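# Breakdown of the fold
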Amino acid sequence: TVVFFDEANTSEVISLIKEIMCDGRYKGITFPPFLKFVAACNPYRRHSNKMIKKLKGAGLGWHDCDSKNTAEMIGDIPLRDLVYRVHDLPASMRALVYDFGSLSNETEKDYICQIVRNR
């Protein structure tokens, strides 16, 4: 049986997901060996400077302070500068990360056409 955590690093409970996936238990209770855990994470991708400027111009909380002065950071990257609102992965989960890359524009277009055709 496979348990899938989608967008794991967007969740406030990333530490709980780490406990389940890396330690194989929850609150001290060990999971049976037939359970396997898989998670998908969103990338740490920054908005372009042009997009950040556009967001600041739109208001949305950007105008009141420089993003470098915010307390919400991943390393030295302000969360508000990221395309996806993500949390830093616990160190023990980083070794489990595999980057599958992204689709080329042509492949993505073909994929979308297939979805639309099959509906």
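My aim in this report is to walk through the structure given alongside it, one point at a time. (Residues numbered from 1 in each chain as written. Predicted model: local features only at pLDDT ≥ 70, side-chain atom pairs only at ≥ 80, totals over all residues. Heavy atoms only, no water.)

## Here's the deal with the overall build of the chain
- On a plain count of helices and strands, the chain comes out with four helices and six strands.
- Walking the chain from its N terminus toward its C terminus, one meets helices and strands in the order β-α-β-β-β-α-β-β-α-α.
- The proportion of buried residues among the 119 residues of the chain is 22%.
- When contacts within the chain are restricted to residue pairs at least 6 apart in sequence, those whose partners lie at least 24 apart make up 58%.
- Total accessible area on the chain is roughly 9000 Å²; 55% of this is exposed by carbon and sulfur atoms. (Helix = DSSP H or I, 4+ residues; strand = E, 2+ residues; numbered from the N terminus. Buried < 20%, exposed > 50% of the residue type's maximum accessible area, 1.4 Å probe, protein only. Contact = heavy atoms within 4.5 Å. Areas by Shrake-Rupley, 256 points an atom, 1.4 Å probe, with all protein chains shown as cover.)

## Looking at the pattern of salt bridges
- Evaluation of the coordinates by the stated rule reveals two salt bridges.
- When the shortest N-O distance is used, the salt bridge between Asp23 and Lys18 registers 2.8 Å.
- The partner of Arg94 in a salt bridge is Asp88, with the nearest N and O atoms 3.1 Å apart. (Salt bridge = Lys/Arg side-chain N within 4 Å of Asp/Glu carboxyl O.)

## Remarks on the side chain of Lys18
- Positionally, Lys18 belongs in helix H1 (residues 14–23).
- At 2.8 Å, the side chain of Lys18 forms a polar contact with the side chain of Asp23.
- Residues within four places of Lys18 in sequence aside, it is in contact with Asp23, Pro90, Ser92 and Met93. (Polar contact = N/O pair within 3.5 Å; in protein donor to acceptor, adjacent residues only side chain to side chain.)

## Some details on the nonpolar core
- Judged by nonpolar contacts, Phe5, Ala8, Ile14, Ile17, Ile20, Leu89 and Met93 together constitute the single largest core of seven residues.
- Sort the elements by how many residues they give to this core and H1 lands first, with three residues.
- Ignoring anything within four residues of it in the chain, the contact list for Ala8 reads Ile14, Ile17, Ala39, Ala40 and Cys41. (Core = buried A, V, L, I, M, F, W, Y, C linked by side-chain atoms within 4.5 Å.)

## Let's talk about the packing of aromatic side chains
- Throughout the structure, instances matching the rule amount to three aromatic pairs.
- Ring geometry for Phe5 and Phe37: centres 6.2 Å apart, planes at 15 degrees, overall stacked. Placement of Phe5 in strand E1 (residues 2–5) and of Phe37 in strand E4 (residues 36–39) is noted, with a sequence separation of 32 residues between them.
- Here Tyr98 and Phe100 contribute two aromatic rings whose centre-to-centre distance is 4.7 Å and whose plane-to-plane angle is 65 degrees, an arrangement assigned as edge-to-face.
- A residue is classified by how much of its surface remains accessible, and Phe100, at 74% relative accessible area, is exposed. (Phe/Tyr/Trp six-rings, centres within 6.5 Å; stacked < 30°, edge-to-face > 60°.)

## Details of the environment of Pro43
- Residue placement: Pro43 occurs in the loop between E4 and helix H2 (49–57).
- Counting along the chain gives 39 residues from Pro43 to Leu82, while the straight-line C-alpha distance between them is 9.1 Å.
- Setting aside residues up to four positions removed in sequence, Pro43 forms contacts with Tyr84 and Val86.

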